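Here are the chains, one letter per residue:
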Amino acid sequence: MDGVDVAGRVDGRTARAERTRAAIVEAHLALISEGDLRPTGERIAERAGISLRTLWTNFKDMETLFEASGAEVLRQQDAAYRPISTGLPLAKRVDAYCRQRARLLQLIAPSARAAQMREPVSEQLHRNRLKHIERVRDEVEELFAVELAQAGPGREQLLNALVAASTWQAWSMLRYGLGLGVDQARAVMARTVGALLAEVAPD
């Protein structure tokens, strides 16, 4: 029984630690979503209802917290993602793709804006951004495989152009640089993506 008791205590501690880490990540992302784009450890700990010591016991520094929060944002995106049929006509694929990209980009907007401020001095935030870009790249390659194949030697350039047109940096320019609403920004993205693909679309 002693072994069972010990295992139970270990499992209990592990579960509590996981709950604490989840609460810290939730607090971090909640503060960001409320406009606190550079929350300190003190504010995160207060929001999570823990001590500052507990925060740094669970995360050795901000970089490890950025990693965990980035993983949670990706999880939220995965939960909100809906596959688009590759059998749809090009115009319908472009429309569905851009509608979904707009929705997902709005979902990550607070964390993306916060990351943009700190990325120049954070290797982890840079890695987080590359993961987002890689996911977009994978989706574009699958959804527009026929058109990319038609591009021949220009395939890589077309792929890069499509990814660049539909990632956070372009969306940020449309929304916050040009001041467009969500629907207006999505329409611009769709026009750009559609025009790029129309150049190589099969007759």
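For the structure itself, consult the block above.
Colleague: Where do I start with the packing of aromatic side chains in this structure?
Modeller: Aromatic ring pairs are reported here in terms of the distance separating the ring centres and the angle at which the planes meet. If you walk through the whole model with that rule in mind, you get two aromatic pairs. Taking 5.6 Å as the distance between ring centres and 85° as the angle between the ring planes, the aromatic pair formed by Tyr 97 and Phe 144 counts as edge-to-face. Of this pair, Tyr 97 sits in helix α5 (residues 90–118) while Phe 144 sits in the loop between α6 (123–143) and α7 (145–150), and the two are 47 residues apart along the sequence. For Tyr 97, a relative accessible area of 1% translates into the label buried. Aromatic side chains Trp 168 and Tyr 176 sit 6.1 Å apart centroid to centroid with 50° between the ring planes, which places their arrangement in the tilted category. Residue classification places Trp 168 among the buried positions, given a relative accessible area of 7%. Assessed through its relative accessible area of 36%, Tyr 176 is described here as partly exposed. Residue placement shows Arg 113 over the ring face of Tyr 176; its charged tip is 4.3 Å from the ring centre. Lying across the ring of Tyr 176, Arg 175 places its NZ or CZ 5.6 Å from the centre.

Definitions and cut-offs
Residues numbered from 1 in each chain as written. Predicted model: local features only at pLDDT ≥ 70, side-chain atom pairs only at ≥ 80, totals over all residues. Heavy atoms only, no water. Phe/Tyr/Trp six-rings, centres within 6.5 Å; stacked < 30°, edge-to-face > 60°. Helix = DSSP H or I, 4+ residues; strand = E, 2+ residues; numbered from the N terminus. Buried < 20%, exposed > 50% of the residue type's maximum accessible area, 1.4 Å probe, protein only. Lys NZ or Arg CZ within 6 Å of the ring centre and 35° of its normal.

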